[in-house]
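Structural overview for review
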Amino acid sequence: MLRFRVGASDLVNSRFTVSPLSELHHLLRKLSGHDDRMPPDWSARLRPVFRRLRAETELDAVLALNSRHYGPAFAAPPPRSLAQTIEMDLAAMRDTPLRQARKEIDECLSRRPATDPRVLSVLRGPKVVHRLADALEVAWHELLAADWLQLRAICERDIVYRAGLLSRAGWAAAIDGLDRRLRWRAGFIEVAWQHYPDTTVDLGGDGLLFVPAVFIWPRVAVYVDPPWPRGLIYPARGIGALWEPSAPTDPRALADLVGRSRAVLLTALDEPASTTQLARSLGLAPGAVGDHLAVLRRAGLVRRARSGRSVLYRRTPLGDALAAGGGEAT
């Protein structure tokens, strides 16, 4: 059992972030066979590219550092903000002192020894951090960059939902709803892992980073080792559309009634979302999304409300009933 001790200052300083580089690592784990539960269409599309990159880059050295229950933090440093980009992630990785990287590499190899001479030459070399970062940069552009806007939109919608739950019901409800292995207990966030030794980590007033991710499902992960900020990575809500590509997202009856694009939007609004988030996740033009939302709003099927700097749309009860009815039609 891992416990984070949470004080009053930690509650104030905790925040939600996104991590492109961490998402890439979770995808690489699945492609390398550590966890093969991923959307079949994604697997068919990405595995040939993945095999090519293993031959052409130092990707095997990256993979050698990923064991079942441990990964080096320097290879995916904790993100700092919601505006995190892959360029920021890679810059933070390249700034890692060699001594820190060596410490984490040694820990990885003690858990899962590497025998490939090519891999060991990279991991023992003086430019290991930059060589691994270069391999990850290529992998990002070849494997994930084209889909990142869609994945980021899923994570952002999760954050909107969690922030709303936090403001309405407090930390206990927000933490207990993240994952079945996570729970709030009298000032502690508990992570129920059988493989993890009974450990308590004091956040020391710095708070905790909450990082939703898509390809981490069905796992959770943590940042606990100094000098890195403490963090918790959990499966984002709304990933069912990726894991069930054959599920109906454009019910015929609803499309016949309101039009195909508006039916897609109404179905997608099972959780609040902004125009930009909807456009990214559905691959539609923001202007077209705005026009369709205006029509749905005039018809009483959606409503809008401001949340911070964003305007979020959500279905009305009438919209819920229409979407549910359309989903049952054939």
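**Regarding the pairing of strand β3 (residues 182-185)**
Looking along a regular strand, one sees side chains alternate from face to face of the sheet. Burial along β3 is one-sided: L182 and W184 are buried, and none of R183 and R185, which face the opposite way, are. For β3 and strand β4 (residues 188-191), the ladder comprises four bridges, and the chain directions are antiparallel. Bridge pairing links R185 to F188 in β4. Here β3 folds back onto β4, and the loop between the two strands holds two residues, one of which, A186, carries a positive phi near 45 degrees.

**Quick word on the sheet that holds strand β7 (residues 221-223)**
Taken together, the four strands give an open sheet; going across it, the order is β2-β6-β8-β7, and neighbouring strands pair in mixed fashion. Taken across any chain shown, the strands that pair with only one partner, and hence form the sheet edges, are β2 (15-16) and β7. Relative to strand β8 (residues 231-235), β7 runs antiparallel, the two being bridged by three bridges. Bridge pairing in β8 links A221 to I233.

**Quick word on the packing of aromatic side chains**
Under the definition given, this model contains five aromatic pairs. Between F16 and F210, the ring centres sit 5.5 Å apart and the planes meet at 35 degrees, which makes this aromatic pair tilted. Placement of the pair is F16 in strand β2 and F210 in strand β6 (residues 209-213), with a sequence separation of 194 residues. Accessibility assignment for this pair places F16 and F210 in one class, buried. Where W42 meets F215, the ring centres are 5.2 Å apart and the plane angle is 65 degrees; that geometry is what we call edge-to-face.

**A word on the sheet that holds strand β5 (residues 199-202)**
Taking strand neighbours across the sheet as the criterion, the four strands line up as β3-β4-β1-β5 in an open arrangement whose pairing is mixed. Bordering the open sheet on either side are β3 and β5, each of which pairs with just one other strand. With strand direction ignored, the average angle separating the axes of adjacent strands in the sheet is 25 degrees. Two elements, strand β1 (residues 2-5) and β4, share four bridges in a ladder whose sense is antiparallel.

**Remarks on the side chain of D89**
As for its placement among the helices and strands, D89 is situated in helix α5 (residues 86-94). Among buried charged residues, D89 stands out as having no salt bridge; its nearest opposite-charge side chain is R152, 7.7 Å away. Excluding residues within four positions of it along the chain, D89 makes contact with S19, P20, L21, P77 and Q84.

**Regarding the pairing of β8**
A large share of β8 lies buried, amounting to five of its five residues. Both β6 and β8 contribute to a ladder of five bridges, which runs parallel. Pairing of V211 across the sheet is with I233, part of β8.

**Comments concerning the environment of E104**
By the element assignment, E104 lies in helix α6 (residues 98-111). Distance from E104 to A192, taken between C-alpha atoms, is 24 Å for residues 88 residues apart in sequence. Engagement of the side chain of E104 in a polar contact is seen with the backbone nitrogen of A73, the distance being 2.8 Å. One polar contact links E104 to Q100, side chain to side chain, over a distance of 2.7 Å.

**What to know about the nonpolar core**
Counting 82 residues, the largest nonpolar core has F4, L28, F74, L123, L132, L143 and F210 as the members making the most contacts within it. Counting residues per element, this core draws most heavily on helix α8 (residues 128-144), which supplies ten residues. Those residues in contact with L123, other than ones at most four positions away along the chain, are A61, A64, L65, R102, I105, L109, V128 and L132. By size, the runner-up hydrophobic cluster in this structure holds 15 residues, among which are A268, A279, L293 and Y313.

**Focus on the pattern of salt bridges**
Scanning the model with the defined rule gives 18 salt bridges in all. Between D202 and R5 there is a salt bridge; the shortest N-O distance is 3.6 Å. Placement of D202 in strand β5 and of R5 in strand β1 is noted, with a sequence separation of 197 residues between them. For E156, the salt bridge identified is with R280, shortest N-O distance 3.6 Å. On the criterion of sequence distance, the pair formed by E156 in helix α9 (residues 148-169) and R280 in helix α14 (residues 275-282) is long-range, its members being 124 residues apart. Accessibility expressed as a relative area gives 16% for E156, which makes it buried. Connected via shared salt-bridge partners are R3, R183, E190 and D198.

Thresholds, definitions, all that
- Residues numbered from 1 in each chain as written.
- Predicted model: local features only at pLDDT ≥ 70, side-chain atom pairs only at ≥ 80, totals over all residues.
- Heavy atoms only, no water.
- Buried < 20%, exposed > 50% of the residue type's maximum accessible area, 1.4 Å probe, protein only.
- Helix = DSSP H or I, 4+ residues; strand = E, 2+ residues; numbered from the N terminus.
- Pairing = 2+ DSSP bridges.
- Phe/Tyr/Trp six-rings, centres within 6.5 Å; stacked < 30°, edge-to-face > 60°.
- Axes fitted to C-alpha atoms, helices over the stretch in contact; angles between N-to-C directions.
- Lys, Arg positive; Asp, Glu negative; His and termini not counted.
- Salt bridge = Lys/Arg side-chain N within 4 Å of Asp/Glu carboxyl O.
- Contact = heavy atoms within 4.5 Å.
- Polar contact = N/O pair within 3.5 Å; in protein donor to acceptor, adjacent residues only side chain to side chain.
- Core = buried A, V, L, I, M, F, W, Y, C linked by side-chain atoms within 4.5 Å.

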